[in-house]
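Overview (structure and organization)
Below are the chains, spelled out letter by letter.
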Amino acid sequence: MIILDTSEESLRKAGAALASGLLVALPTETVYGLGADAFNPLAVAKVFEAKARPSFDPLIVHIARMEDLSRVAASVPPLAERLALALWPGPLTIILPKRPEVPDIVTSGLDTVAVRFPSHPVARRIIELSGTAVAAPSANPFGYISPTKAEHVARTLGGKIDFLVDGGPCAVGVESTVIDATKEIPELLRPGGMPLERIREIVGEIAVPPRFHGSESGPMASPGQLSSHYAPRSALRLFEFSSLCDAGIFPPQGRGAALVFDGERAAKLELSGRFDAVFALSEKGEMTEAAAALFALLHNLDFLEFDWIYAEKVPDEGLGRAIKDRLFRASRK
Ligand code: AMP
Ligand code: MG
């Protein structure tokens, strides 16, 4: 694997590599993606192989110009167009009817395609220079914690990809929000970096499946929405903060860490002396900062090899929905 910086010359190399069927890991505002030419089924097959991703889990196709939407989507319903015009480029993926040119391997044989126009200038430039659309899932082994820094990608996929463009840490830090716009009432398929509240402002009603209601998340029904995901090797469990403060939940043995929302809570738990380490998602208790820090913290916790991690359930609002969903799925083994 060759690591590239973000100079124009390097981005040209990355774009050319994609165009010639190679795999390029690249920074986006959400997480690092593992990109391949979306119109090249062999290149896309290598993405599935590198990640050990099951073939029934479709990929998101990334574009860098609004005009390119018509290269992958057969049609764009008015509501999807409103979303795209208002919220792209950004951390929003829209499911649309697919054009026949998009290979089945990208969409797992579905007649729809997931499309995103990322805002990260490096991702945009690489996609532009590739001259194609780029199919890119997160650049991590299937089921493991998503990468928000180049070193996360190097550590877990280093031997399996051709290039890694190091663009520093990802600003949003959780994957895109996925909205199915082929339905009469658009449906939330995955909470993510674009807050649901913001999407509602544009399109009004959105169907939110029961698994995303309140604290109870059921099994994920849409393709790829597998329950166990983003999982560190240590056992992770989710609790309300009040339960974390309760001595009754203390597990019998091993080294344990707590992961809570803000610095004040972390200080309170530290005082209890019941955890070997306590981490705050955001010292100041800011949701955007918490989202950006989430996966890097999980990577660190994994590196430190705790036997168990107890994490706090964050509130169901804004990016909190995405954080809670990721922690919930990290807790399913
Ligand atoms: P990843 O790129 O690994 O973050 O995952 C992409 C997500 O988008 C997965 O959860 C997929 O199930 C979802 N997705 C991709 N294409 C489609 C599609 N055509 N219909 C529904 N969901 C999709
Ligand atoms: Mg992923």
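Anything mentioned here points back to the structure above.
Residues numbered from 1 in each chain as written. Chains lettered and ligands numbered in written order. Predicted model: local features only at pLDDT ≥ 70, side-chain atom pairs only at ≥ 80, totals over all residues. Heavy atoms only, no water.

Within the protein, the regular secondary structure consists of twelve helices and 14 strands. On C-alpha atoms alone, the protein measures out to a radius of gyration of 20 Å, which is about the 20 Å that the 2.2 N^0.38 rule sets for 333 residues. Seen through its C-alpha atoms, the protein measures out along the principal axes to roughly 60 × 45 × 30 Å. Sorting the 333 residues of the protein into buried and exposed places 58% on the buried side. Counting only contacts in the protein whose residues sit at least 6 apart along the sequence, the fraction spanning at least 24 positions is 68%. Put simply, the protein shows about 13,300 Å² of open surface, and 53% of that area lies on carbon and sulfur atoms. Treating the 35 positive side-chain charges of the protein as one cloud and the 41 negative ones as another, the clouds have centres 2 Å apart. (Helix = DSSP H or I, 4+ residues; strand = E, 2+ residues; numbered from the N terminus. Rg over C-alpha atoms; globule rule 2.2 N^0.38 Å. Buried < 20%, exposed > 50% of the residue type's maximum accessible area, 1.4 Å probe, protein only. Contact = heavy atoms within 4.5 Å. Areas by Shrake-Rupley, 256 points an atom, 1.4 Å probe, with all protein chains shown as cover. Lys, Arg positive; Asp, Glu negative; His and termini not counted. Charge placed at Lys NZ, Arg CZ, Asp CG, Glu CD.)

The next point concerns the sheet that holds strand β10 (residues 187–190). Taking strand neighbours across the sheet as the criterion, the ten strands line up as β1-β8-β2-β3-β7-β4-β6-β5-β9-β10 in an open arrangement whose pairing is mixed. Edge positions in the sheet fall to β1 (2–4) and β10, since each has one partner strand and no second. Strand direction decides the pairing type here: strand β2 (residues 24–26) and strand β8 (residues 163–165), joined by two bridges, are parallel. Bridge pairing in β8 links valine 24 to phenylalanine 163. Running at roughly 55 degrees to strand β3 (residues 33–37), helix α1 (residues 8–19) makes contact with β1, β2, β3, β7 (134–135) and β8 of the sheet. (Pairing = 2+ DSSP bridges. Axes fitted to C-alpha atoms, helices over the stretch in contact; angles between N-to-C directions.)

The nonpolar side chains of a soluble globular protein tend to be buried with one another. Grouped together as the largest cluster of nonpolar side chains are 51 residues, with contacts concentrated most on Leu34, Leu83, Trp88, Leu92, Ile94 and Ile199. Apart from the residues lying within four places of it in its own chain, the contact partners of tryptophan 88 are Ile63, Met66, Leu69, Leu83, Ile94, Val115, Arg116 and Phe117. Membership of the second largest hydrophobic core comes to 32 residues, among which are Val31, Leu259, Ala291 and Ala330. (Core = buried A, V, L, I, M, F, W, Y, C linked by side-chain atoms within 4.5 Å.)

With that settled, consider the packing of helix α4 (residues 78–87) against helix α8 (residues 196–203). Two packed helices can be described by the angle between their axes and the distance between those axes. Where α4 contacts α8, the two axes come as close as 9 Å, and the packing angle between them is 125 degrees. In terms of orientation, α4 and α8 fall into the oblique class. The two elements α4 and α8 cross, and the hand of that crossing is right-handed. Mapping the contact onto sequence places Leu79, Arg82, Leu83, Ala86 and Leu87 in α4 and Arg198, Ile199, Ile202 and Val203 in α8. Classifying every residue of the contact of α4 with α8 gives seven nonpolar, no polar and two charged. (Parallel < 35°, antiparallel > 145°, perpendicular 65-115°, else oblique. Left-handed = near helix turned anticlockwise from the far one by under 90°. Nonpolar A, V, L, I, M, F, W, Y, C, P; charged D, E, K, R; others polar.)

The subject of this paragraph is helix α12 (residues 320–330). Burial of α12 is extensive: eleven of the eleven residues sit out of reach of the surface. Listed as buried for α12 are Gly320, Arg321, Ala322, Ile323, Lys324, Asp325, Arg326, Leu327, Phe328, Arg329 and Ala330.

Evaluation of the coordinates by the stated rule reveals six aromatic pairs. Relative to tyrosine 310, the ring of phenylalanine 239 lies with its centre 4.5 Å away and its plane at 50 degrees, an arrangement referred to as tilted. With a gap of 71 residues between them, phenylalanine 239 in strand β11 (residues 235–239) and tyrosine 310 in strand β14 (residues 308–312) connect regions that are remote in the sequence. When its relative accessible area of 10% is taken as the criterion, phenylalanine 239 is described as buried. Relative to tyrosine 310, the ring of phenylalanine 275 lies with its centre 6.5 Å away and its plane at 70 degrees, an arrangement referred to as edge-to-face. A residue pair is termed long-range when its members are at least 10 positions apart, and phenylalanine 275 in the loop between α10 (263–272) and β13 (277–282) and tyrosine 310 in strand β14 qualify at 35 residues. Judged by relative accessible area, phenylalanine 275 falls into the buried class, the value being 10%. Among the aromatic side chains, those forming a connected cluster through ring pairs are Phe239, Phe275, Trp308 and Tyr310. A cation over a ring is seen here: arginine 265 above phenylalanine 241, with NZ or CZ 5.0 Å from the ring centre. (Phe/Tyr/Trp six-rings, centres within 6.5 Å; stacked < 30°, edge-to-face > 60°. Lys NZ or Arg CZ within 6 Å of the ring centre and 35° of its normal.)

What follows covers the environment of proline 209. Within the secondary structure layout, proline 209 lies in the loop between α8 and β11. For proline 209, a relative accessible area of 9% corresponds to the buried category. Separated by 65 residues in the primary sequence, proline 209 and arginine 274 have C-alpha atoms spaced 37 Å apart.

It is worth spelling out the side chain of serine 234 at this point. Structurally, the position occupied by serine 234 is in the loop between α8 and β11. Polar contacts involving the side chain of serine 234 include one to the main-chain carbonyl oxygen of phenylalanine 306, which spans 2.8 Å. (Polar contact = N/O pair within 3.5 Å; in protein donor to acceptor, adjacent residues only side chain to side chain.)

Let us look at unusual backbone geometry. Here the bond from tryptophan 88 into proline 89 is cis, since omega is -5 degrees, no more than 30 degrees from zero. Looking at the secondary structure, you find proline 89 in the loop between α4 and β5 (92–97).

Within a sheet, each strand pairs with its neighbour through backbone hydrogen bonds, oriented either parallel or antiparallel. Taken in spatial order, the four strands of this open sheet run β11-β14-β12-β13, and their pairing is parallel. One side of each edge strand has no neighbouring strand; the edge strands of this open sheet are β11 and β13. This sheet shows a mean twist of 25 degrees between the axes of neighbouring strands, independent of strand direction. Summarising the sheet, strand β12 (residues 256–262) and β14 pair through four bridges and their orientation is parallel. Within the sheet, the bridge partner assigned to leucine 259 lies in β14 and is alanine 311. Sitting on the sheet, α10 is in contact with β12, β13 and β14, with an inclination near 150 degrees to β12. Across the sheet, α12 lies against β11, β12, β13 and β14, angled at about 135 degrees from β11, the strand it touches most.

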